[in-house]
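Coordinates in review
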Amino acid sequence: MMLDWTRRAACLELDPELFFPISMEGPGQSQVEQAKHVCGGCPVREPCLAYALDTRQAYGVWGGTDPGQRRELSPPSEPRPETVPVRPLRGGR
């Protein structure tokens, strides 16, 4: 996957910890708001968000979204096919 868009990201020179707060609540909420503000003026916000959705980024602020917002935007994951346990044949064969 080409990530050339990352070279034009508004966050490129910023501390990555701003975009990955310890918590999305309490003091971390102001960090999330600051990160989203940076994303708001970013020229590559859309490819950043697309990357986060495609790779199912579970943490941090990507493309101006937090993990909860990305979960709402993501299609539900495919259910795993059920497997049938192998049973021995009657008579021990």
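By convention here, each chain's residues receive numbers from 1 onward along its written sequence. Reporting of local features is limited, given that this is a predicted model, to residues whose pLDDT is at least 70; pairs of side-chain atoms are given and counted only at 80 or more, and all residues count toward the totals for whole chains, interfaces and linings. With hydrogens and water stripped out, all remaining heavy atoms of the structure feed into the side-chain values.

As a further point, take the pattern of salt bridges. Pairs can form between side chains of opposite charge once their charged atoms are near each other. By definition, a salt bridge exists where a carboxyl oxygen of Asp or Glu is found within 4 Å of a side-chain nitrogen of Lys or Arg. Evaluation of the coordinates by the stated rule reveals two salt bridges. For Asp 4, the salt bridge identified is with Arg 7, shortest N-O distance 3.6 Å. Here's how the labels work: a residue is buried when its accessible area is under 20% of the maximum for its type, exposed when over 50%, partly exposed in between, all with a 1.4 Å probe on protein chains only. Asp 4 sits in the partly exposed class, given a relative accessible area of 37%. Judged by relative accessible area, Arg 7 falls into the exposed class, the value being 64%. A salt bridge links Asp 66 to Lys 36; its shortest N-O distance comes to 2.9 Å.

Now for helix α1 (residues 27–40). Over its 14 residues, α1 runs 21 Å from end to end, which matches the ideal 20 Å to within 8%, given 1.5 Å per residue. Every buried residue of α1 is listed here: Gly 28, Val 32, Ala 35 and Cys 39. Along the long axis of α1, the arc covered by the buried residues comes to 65 degrees, so they all point the same way. Within α1, the exposed residues directed more than 90 degrees away from the buried face are Pro 27, His 37 and Gly 40. The inward-facing, buried residues of α1 abut α2 (45–54). Numbering of helices and strands runs from the N terminus, with a helix taken as a DSSP run of H or I at least four residues long and a strand as a DSSP run of E at least two residues long. A helix is expected to span 1.5 Å multiplied by its residue count minus one. Taken from the helix axis, the directions to the C-beta atoms give the arc we talk about. Contacts between residues were defined by any pair of non-hydrogen atoms, one from each residue, lying within 4.5 Å.

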